[in-house]
Amino acid sequence: MQDVILKLVDVPMVRMFVLAGIIFLMIAVLGKIEGKIDPGNIGRIGAAVLGAVLILIGIILQFGETHDVYSRLPPNVVSNLPAQNMAAVAPASTASITEPSLIKVVSGTYGRNCNANAGNATAQLSRACDGHSYCDFTIDTSALEDPAPNCSKDFSAEWKCGNGNAVYSAALSGLAGKNDKLRLNCAN
């Protein structure tokens, strides 16, 4: 139970807004749930409006967050971003220049677009990248559990840098084959 609570608290704020919005929309649509929630007509309208507003805030924050991550990259890093099958994100660091922040993997997921369980590749990603200032993780599909045969799978990673609370992410939308790499970066 403690693990579930820790995972719920360790979710980025954007996802919390969207999740709360979905819950309020469910209350608005379903109305009376198991006899425990009976919002009435005004409550249902209020829940629908609040749910829509929370989802909209979450979406706006998501676009703002993505923009902020790339705007913090130095121009030379943006121009050197790898081509199609490699993603990179360089977070802004609060650590001093002499002490680089080290990667702490939060989750790695293979095939989320094919309904795979979130975090199904966390152990492999952690072994390869935890404790490094940057990591080029080579996605070895033969070493990962295939959650959905005959489905073109994606790969996504979330990590923190040092003792910071910010969660960074990178993803490859479609894996081409053997040499797909995903870059996790906490280097200054």
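Above this text sits the structure in question.
Draft legend 1. Just the pattern of salt bridges, in detail. Taken as a whole, this structure holds 2 salt bridges when the rule is applied. The residue K104 makes a salt bridge to D130 at a minimum N-O spacing of 3.6 Å. With K104 in strand 2 (residues 103–110) and D130 in the loop between helix 5 (122–129) and strand 3 (134–138), this residue pair connects regions lying 26 residues apart in the sequence.

Draft legend 2. How the structure looks around unusual backbone geometry. Notably, N115 is not glycine yet its phi reads approximately 65°, a positive angle. Classification of N115 as exposed rests on a relative accessible area of 73%.

Draft legend 3. Summary view of the environment of R183. By the secondary structure assignment, R183 is in strand 6 (residues 181–185). Here the alpha-carbon distance between R183 and Y134, two residues 49 residues apart in the chain, equals 7.1 Å.

Each value, and the rule that gives it
Residues numbered from 1 in each chain as written. Predicted model: local features only at pLDDT ≥ 70, side-chain atom pairs only at ≥ 80, totals over all residues. Heavy atoms only, no water. Salt bridge = Lys/Arg side-chain N within 4 Å of Asp/Glu carboxyl O. Helix = DSSP H or I, 4+ residues; strand = E, 2+ residues; numbered from the N terminus. Buried < 20%, exposed > 50% of the residue type's maximum accessible area, 1.4 Å probe, protein only.

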